[in-house]
Amino acid sequence: MTGFKQHGGRRGAGPGLSDSECSGLLSRVGSSVGPERGRARPPGTMAGSDTAPFLSQADDPDDGPVPGTPGLSGSMGNPKSEDPEVLDREGLQRITGLSPAHSVVIVGVLCYINLLNYMDRFTVAGVLPDIEQFFNIGDSSSGLIQTVFISSYMVLAPVFGYLGDRYNRKYLMCGGIAFWSLVTLGSSFIPRERFWLLLLTRGLVGVGEASYSTIAPTLIADLFVADQRSRMLSVFYFAIPVGSGLGYIAGSKVKDVAGDWHWALRVTPGLGVVAVLLLFLVVREPPRGAVERHSDSPPLNPTSWWADLRALARNPSFILSSLGFTAVAFVTGSLALWAPAFLLRSRVVLGETPPCLPGDSCSSSDSLIFGFITCLTGVLGVGLGVEISRRLRRSNPRADPLVCAAGLLGSAPFLFLSLACARGSIVATYIFIFIGETLLSMNWAIVADILLYVVIPTRRSTAEAFQIVLSHLLGDAGSPYLIGLISDRLRRSWPPSFLSEFRALQFSLMLCAFVGALGGAAFLGTAIFIEGDRRRAQLHVQGLLREAGPTDDRIVVPQRGRSTRVPVASVLI
């Protein structure tokens, strides 16, 4: 708790106070601010961690302010519910100035754009064998296409995160998506001797995606609270696997109809123009954090960028959940680019399809099937994860990170089996991919929800941006290239053959299963800190907790009309 001041709300005793001293302190506080609760922190407990058993209910389920705020239902501080206070429809409309129907329509527009973003991203993967033939490149160069895009996206995300916390989010998204649409259209006219230009344009596409992905979830957070927010986030994140699957499907089918893979890159720019118009005409900017303050009072003041970074670095739930999500990004980035190519090589080895030779059009059936699997598993996984988490929260306040951990740890063996069985049965491979991707998709909406309730509203775009940087820097920015590089190195050590190409990619993709298991461990770590970090964010939004300056390490405790300073080390919030 170092670095915070308390002006009211909850207090408890730390290891520096005896039980009698604790009672005396609380009685003095209660004489000026009313009855409050406290509990002693066990000796040796780390600041910021929870004292409740790892898989159990939090210690004090009814700790918090008394209900009764107009437009609210429920009670403050009950960890059994997903949010301490729940605004009804009239309360939401009064604060945001938007009707419930209009708010839902805004989420629909954001979901459409999110779907379009991922559809464009994975259209390239749907026609990757044709791109390799057209530009005469190997696996490592193919992996570089995705790596350049993700690297640009990753570098620009903090810029748009900073802007999104301070300026109009609607216009930032409009400008970014318009630029992305123009660059994507231009990338479809690159001649075969200019592969470097394709890499450049894919890098510039990251501008549009960075402007959108860091900002859109914070708009949803400012429109809804509690279970409503979780449901809307699940709808929003349905678009990731569905859009990815549609990218494979659109890429392969448009190529087949037009007879040229370049046309696959010309579909999403037209849809991007529609997205800009919808953003401009439909979306309105809600006040930041108002639905969590439960009033239309002046919003929280943004702090400096460095203060934001310091606060995020001291938030263990944010750091550990971001590391867990990094493992998700590593695995999904690798599978997204390489799974269709791997399935095609598997069919070639099994004798079910002819090899892809120079000058011939490569078979697109595996891209089509993988696209359908990605769509279906995404819908199942995201919906299943949100519903399981929502039900478990009633008995376990740490349900969110535990469900994420279960999804990642469960997906790892199935992804490994899908690779191991590919030479024997393509059907078994598809079955294991289906199960593994379903479990992997359980994380998408839950990770976003965790970020939104452990980070205060004025830092959420910055937090989204740096989660993107971390997850892509160590995740899918390098994983496609790394998988391709390992595949090329293995192939050089074996005699040239279609079997060597298959085995090299098979062995390199097995790295994904081990990374997924590491991500599961990070989410288990998140579960240790989640309750404490969430409570601090709630108190900050409610005005019961504010950050102190770098040299202020004490807490203000009211005592009969005057303030008494107590060392932070002696008080637990």
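Details of the structure are given in the entry above.
Computed from a predicted model, the values in this text were never measured in an experiment.

**Q** Give me the pattern of salt bridges: which residues, what numbers.
**A** By the definition in use, this model includes ten salt bridges. A salt bridge links Asp120 to Arg202, with the nearest nitrogen and oxygen atoms 3.8 Å apart. Taken as a pair, Asp120 in helix H3 (residues 100-126) and Arg202 in helix H7 (residues 195-213) lie far apart in primary sequence, 82 residues in all. Note on accessibility: Asp120 and Arg202 belong to one class, buried. Between Asp222 and Arg169 there is a salt bridge, with its nearest N and O atoms 2.9 Å apart. Within this pair, whereas Asp222 is found in the loop between helix H8 (216-221) and helix H9 (226-258), its partner Arg169 is found in helix H6 (residues 169-187), the two being separated by 53 residues in sequence.

**Q** If you had to explain a nonpolar patch on the surface to someone new, which residues and values would you point to?
**A** Residues Tyr171, Val273, Leu277, Phe280 and Leu281 make up a contiguous nonpolar surface patch of roughly 560 Å² in combined accessible area. With four residues, the top contributor of residues to the nonpolar patch is helix H10 (residues 268-282). Inspection of the secondary structure puts Leu277 in helix H10.

**Q** Just give me the short version of the packing of H3 against H6, but keep the residues and values in it.
**A** Here H3 crosses H6 at 30°, and the two axes come no closer than 12 Å. Here H3 lies roughly parallel to H6, going by the angle between them. Remark: the crossing between H3 and H6 carries left-handed chirality. Residues Leu110, Ile113, Leu116, Asn117 and Asp120 of H3 form the contact with H6, whose own contacting residues are Met173, Ile177, Trp180 and Thr184. The residue inventory of the contact of H3 with H6, partitioned by class, reads six nonpolar, two polar and one charged.

Parameters at a glance
Residues numbered from 1 in each chain as written. Predicted model: local features only at pLDDT ≥ 70, side-chain atom pairs only at ≥ 80, totals over all residues. Heavy atoms only, no water. Salt bridge = Lys/Arg side-chain N within 4 Å of Asp/Glu carboxyl O. Helix = DSSP H or I, 4+ residues; strand = E, 2+ residues; numbered from the N terminus. Buried < 20%, exposed > 50% of the residue type's maximum accessible area, 1.4 Å probe, protein only. Patch = residues over 30% accessible without salt bridge, like charges linked within 9 Å, V, L, I, M, F, W, Y side chains within 5 Å. Areas by Shrake-Rupley, 256 points an atom, 1.4 Å probe, with all protein chains shown as cover. Axes fitted to C-alpha atoms, helices over the stretch in contact; angles between N-to-C directions. Parallel < 35°, antiparallel > 145°, perpendicular 65-115°, else oblique. Left-handed = near helix turned anticlockwise from the far one by under 90°. Contact = heavy atoms within 4.5 Å. Nonpolar A, V, L, I, M, F, W, Y, C, P; charged D, E, K, R; others polar.

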